[in-house]
Amino acid sequence: MEWTSIVAIYILFWVVSAFIMLPFGVQTHDEAGIAKIPGQADSAPANFQPKRVAMRATVLATILCTLYVLNYAYGWITPEDLMFFGPDPK
């Protein structure tokens, strides 16, 4: 596998991981016991920390990309392993 392909796959894993990590650890103002600003949405986060989200996404993306590349190299799970409904009719 080319290194540019690995970088592209890593970026895809990172973006997906960042979206998965967004809701974890975030509290609304009501949950945190902080007064809201007039006109503020009830669902607005009180303690959003983008550095923490980016770090968690980086760790998760690194693990997932490593597993993906190792599976590509060693063939642990092949397309035939994912055929749950019988062989492909050709």
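Scroll up for the structure.
A. Just the side chain of glutamine 40, in detail. With respect to the helices and strands, glutamine 40 occurs in the loop between α2 (29-32) and α3 (50-74). A distance of 2.8 Å separates a polar atom in the side chain of glutamine 40 from a polar atom in the side chain of histidine 29. Here isoleucine 37 takes part through its backbone nitrogen, which lies 2.9 Å from a polar atom of the side chain of glutamine 40.

B. Region of interest: the pattern of salt bridges. According to the stated counting rule, one finds two salt bridges in the structure shown. One salt bridge connects lysine 36 with aspartate 30, and the closest N-O pair in it is separated by 3.8 Å. Accessibility expressed as a relative area gives 32% for lysine 36, which makes it partly exposed. Owing to a relative accessible area of 54%, aspartate 30 belongs among the exposed residues under this scheme. The residue aspartate 42 makes a salt bridge to lysine 36 at a minimum N-O spacing of 2.6 Å. Residues participating in the shared-partner salt-bridge network are Asp30, Lys36 and Asp42.

C. Main features of the environment of leucine 12. Relative to the elements of secondary structure, leucine 12 occurs in helix α1 (residues 3-21). Spatially, the C-alpha atoms of leucine 12 and serine 43 are 28 Å apart, while their sequence positions differ by 31 residues.

D. Examining the packing of α1 against α3 more closely. Where α1 contacts α3, the two axes come as close as 8 Å, and the packing angle between them is 135°. Relative to α3, the element α1 is oriented oblique. The crossing of α1 and α3 is right-handed. When α1 is examined against α3, the residues Ile6, Ile9, Tyr10, Phe13, Trp14, Ser17, Ala18 and Met21 are found in contact with a partner set consisting of Val53, Ala54, Arg56, Ala57, Thr58, Leu60, Ala61, Thr62, Leu64, Cys65, Tyr68 and Val69. Classifying every residue of the contact of α1 with α3 gives 16 nonpolar, three polar and one charged.

Criteria and cut-off values
- Residues numbered from 1 in each chain as written.
- Predicted model: local features only at pLDDT ≥ 70, side-chain atom pairs only at ≥ 80, totals over all residues.
- Heavy atoms only, no water.
- Helix = DSSP H or I, 4+ residues; strand = E, 2+ residues; numbered from the N terminus.
- Polar contact = N/O pair within 3.5 Å; in protein donor to acceptor, adjacent residues only side chain to side chain.
- Salt bridge = Lys/Arg side-chain N within 4 Å of Asp/Glu carboxyl O.
- Buried < 20%, exposed > 50% of the residue type's maximum accessible area, 1.4 Å probe, protein only.
- Axes fitted to C-alpha atoms, helices over the stretch in contact; angles between N-to-C directions.
- Parallel < 35°, antiparallel > 145°, perpendicular 65-115°, else oblique.
- Left-handed = near helix turned anticlockwise from the far one by under 90°.
- Contact = heavy atoms within 4.5 Å.
- Nonpolar A, V, L, I, M, F, W, Y, C, P; charged D, E, K, R; others polar.

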